[in-house]
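# Topology and contacts: notes
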Amino acid sequence: MDQWLVKQLPDISRVRVQQLIEQKKIVVNGSDPKPSLRLRGGEEIVITGKVELPPLNAFPEDIPLDVVYEDESIAVINKAAGMTVHCGSGKGDAGNRGTLVNALMHRFGQMSQVGGELRPGIVHRLDKETSGLLIVAKNDVAHRKLARQFLSREVKKTYTALVHGWMKKQTQGTINAPISRDLVRRTRMTTRRNIGSKPGRDAITHWKVLELIEGSYGQFSLLEVKIETGRTHQIRVHLSSVGHPVVGDGLYGAPHDIPGYGGTASASASL
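Please read all numbers here as calculations on a predicted model, not as lab measurements. (Residues numbered from 1 in each chain as written. Predicted model: local features only at pLDDT ≥ 70, side-chain atom pairs only at ≥ 80, totals over all residues. Heavy atoms only, no water.)

### Re the overall build of the chain
Under the convention used in this document: Numbering of helices and strands starts at the N terminus; helices are DSSP runs of H or I of at least 4 residues and strands are runs of E of at least 2. Burial here depends on accessible area, computed with a 1.4 Å probe over protein chains only, as a share of the maximum for the residue type. Under 20% is buried, over 50% is exposed, and the range in between is partly exposed. Any two residues whose heavy atoms approach within 4.5 Å at even a single point are treated as in contact. Only the protein chains shown count as cover for residues, with accessible areas throughout obtained via the Shrake-Rupley method and a probe of 1.4 Å.
For the chain, the count of helices and strands is five helices and 13 strands. Counting every position in the chain, which comprises 271 residues, the buried fraction comes to 37%. The contacts of the chain with a sequence gap of at least 6 include a subset with a gap of at least 24, amounting to 60%. By element, 50% of the accessible surface of the chain is carried by carbon and sulfur atoms, the whole surface being about 16100 Å².

### Observations concerning the sheet that holds strand E6 (residues 158-164)
Cut-off, in case you're wondering: For two strands to be treated as a pair, DSSP must find no fewer than two bridges joining them. Every axis in this analysis is a line fitted to C-alpha atoms, fitted for helices over the stretch in contact. Angles between the N-to-C directions lie between 0 and 180 degrees.
Taking strand neighbours across the sheet as the criterion, the four strands line up as E6-E11-E10-E7 in an open arrangement whose pairing is antiparallel. Unpaired on one side and paired on the other, E6 and strand E7 (172-176) mark the two borders of the sheet. Between one strand axis and the next, the sheet turns by 30 degrees as a mean value, whatever way the strands run. Looking at chain direction, E6 and strand E11 (residues 218-227) are connected through seven bridges and run antiparallel. In the sheet register, Leu-162 faces E11, and the bridge partner there is Leu-222.

### Focus on unusual backbone geometry
With a phi close to 55 degrees, Lys-24 is a non-glycine residue in the positive phi region. On the secondary structure map, Lys-24 appears in the loop between helix H2 (14-22) and strand E1 (26-28). Overall, the relative accessible area of 52% leaves Lys-24 in the exposed class. If you check the backbone angles, Lys-169 has positive phi at about 65 degrees while not being a glycine. Mapped onto the secondary structure, Lys-169 falls in the loop between E6 and E7.

### What to know about the pairing of strand E4 (residues 74-79)
The two faces of the sheet receive side chains in turn, since in a regular strand these alternate between them. Among the six residues that make up E4, five are buried, leaving the element largely enclosed by the rest of the structure. Here three bridges tie strand E3 (residues 67-70) to E4, and the two strands are oriented antiparallel to one another. When the sheet's bridge partners are listed, Glu-70 is paired in E4 with Ala-75. Counting the residues that bridge the hairpin from E3 to E4 gives three residues. The pairing of E4 with strand E5 (residues 132-137) spans six bridges and is classified as antiparallel. Its bridge partner being in E5, Lys-79 is matched across the sheet by Gly-132.

### Here's the deal with a nonpolar patch on the surface
Formally: Excluding any residue in a salt bridge, patches collect residues exceeding 30% relative accessible area, merging like charges within 9 Å and nonpolar Val, Leu, Ile, Met, Phe, Trp and Tyr side chains within 5 Å. One speaks of a salt bridge when a side-chain nitrogen belonging to Lys or Arg is within 4 Å of a carboxyl oxygen belonging to Asp or Glu.
On the surface, a nonpolar cluster with roughly 290 Å² of combined accessible area is contributed by Val-68, Tyr-69 and Leu-133. With respect to the secondary-structure elements, Tyr-69 resides in strand E3. Judged by its relative accessible area of 41%, Tyr-69 falls in the partly exposed class.

This is the structure:
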């Protein structure tokens, strides 16, 4: 039953469905079901409410930050790969620690509150494993002005990506492919689910080759990437969709270990 419901509710994860069942928010033919209930057809399924999650509160933690710019209104942080920007609802207490928000609260104290209690100061985000510059707002006025600038695309973001393989023939190009949630692997996004009544959201990515690399671990392209839209995992999904996944991105088809020409484990690059 839980697998079937996930396919009917494209914006709801299997974990959420299971939490709904655990909290008795799903009724099948008038009774409380188990997640493993096998549907035979013709059942009446009623969702009676939303998942109730324990409150999460952002708190200060003494975590080093690389601050590249700061004034009375904003700060620019060079976020390290591996750091989550903010905790998300539905995680345990461990998911509420070690985030950029925890570090910001320790370093600066009061931040803007426009983004809510879990996201003080956060105007935009980067994926956990992506490093790069983030602008954070120290007060609500700065937050609203920055948000308007991002919305009107006055802020220009440039990314650098190392991908598998050499980009064929062209030195630059554009990927224009809508993105939606992968219905089979819920942690992934995809460009393949765009037929029918629920197409994905528009997404446009521009890329330019900075360098073509060939060495003992194979061929790679170093790219400069600019995006017109900010969909979840957009750069990763788009580059994977054209056969050039970002190096180290196992979620979208890249190997975690790249064997050298010798093909031995000792000669592999671990990413």
